[in-house]
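What follows is each chain in one-letter form.
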Amino acid sequence: MKILLMGPPGAGKGSQSEKLVKDYELTNISTGEMFREANRNNEQLGIEAMRFINKGKLVSDKITNEIVRKRLLRPDAERCFLLDGYPRTVAQAEALDTMLDKMESKLTAVINIVVDKQAILERMVGRRVCKSCGLSYHLSFKPPKQQGVCDACGGELYQREDDQLHSVKNRLEIYETKTKPIIEYYANRGILRNVNGMQSFDKVYEDIKKALGEVA
Ligand code: AP5
Ligand code: MG
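Residues numbered from 1 in each chain as written. Chains lettered and ligands numbered in written order. Predicted model: local features only at pLDDT ≥ 70, side-chain atom pairs only at ≥ 80, totals over all residues. Heavy atoms only, no water.

Let us look at the sheet that holds strand S6 (residues 136-138). The strand order across the open sheet built from three strands is S6-S5-S7, with neighbouring strands paired in antiparallel fashion. Every interior strand has two partners, whereas the edge strands, S6 and strand S7 (157-158), have only one. Pairing geometry for strand S5 (residues 127-130) and S7, over two bridges, is antiparallel. By the bridge assignment, Val129 is partnered in S7 with Tyr158. (Pairing = 2+ DSSP bridges. Helix = DSSP H or I, 4+ residues; strand = E, 2+ residues; numbered from the N terminus.)

Here it is in structure tokens:
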């Protein structure tokens, strides 16, 4: 199974992929998480990328395509993977096609989580993320058992810099102009399914599983 999980920032891609990768034994490839991890490890790539990320801008296609290309070549991505947050531009979608062609592979399903703007804002403003393991919470919708502490690893929870309002606005604008056109790119292939993201975590998950049953 080779799945692409799409949707606007804050749609719930990361939340849903946590369960999907476990249940379907998929390798999780989240470009946003890869950049944040590189930054946590003080790698040059991560430090450079955060300059764009914190402002709500995209990292260049060249850099992003290259980290994904290298990641896809690792043995754990050979059979099953879930892409979260990549591709995000038509140029990246075309680059991904080239990479997969070379690997004699192709996507089996594209799931697009649909959420309205008001919900996106609420979700991003209330989100808290673990500094150590990257797991995400929400102050109202998914609070940790102990305030400020990750349930899974005990790490400290923080608010992502790009969840500040000025960055959120940029991210939404970029989503509309650069990322949305990809929906059509995949819809034309018949492997895209829209899922209503304005439901409980469990209901969204159930609908994603149903959609995967249809196409994957
Ligand atoms: P990335 O980390 O991918 O951010 P994003 O796409 O903006 O998406 P988010 O992670 O903000 O949201 P999500 O959909 O994962 O939602 P989540 O599950 O956390 O990328 C960050 C940045 O990196 C980009 O802006 C860009 O700069 C750069 N980048 C990454 N990929 C790139 C690429 N390909 N090219 C160029 N640059 C790239 O949920 C959000 C909140 O809502 C959480 O608090 C959660 O608890 C809550 N929530 C989720 N689902 C529900 C629900 N059903 N009900 C109630 N609350 C919910
Ligand atoms: Mg995410």
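Having seen the model, we can carry on.
Here we take up the packing of helix H1 (residues 13-23) against helix H9 (residues 201-215). Where H1 meets H9, the axes come as close as 10 Å, and the angle between the chain directions of the two elements is 50 degrees. Classified by the angle between their axes, H1 and H9 sit oblique to one another. Considering the relative orientation of H1 and H9, their crossing is right-handed. Of the residues in H9, those in contact with Ser15, Gln16, Lys19, Leu20 and Asp23 of H1 are Phe201, Asp202, Val204, Tyr205, Ile208 and Leu212. Classifying every residue of the contact of H1 with H9 gives six nonpolar, two polar and three charged. (Axes fitted to C-alpha atoms, helices over the stretch in contact; angles between N-to-C directions. Parallel < 35°, antiparallel > 145°, perpendicular 65-115°, else oblique. Left-handed = near helix turned anticlockwise from the far one by under 90°. Contact = heavy atoms within 4.5 Å. Nonpolar A, V, L, I, M, F, W, Y, C, P; charged D, E, K, R; others polar.)

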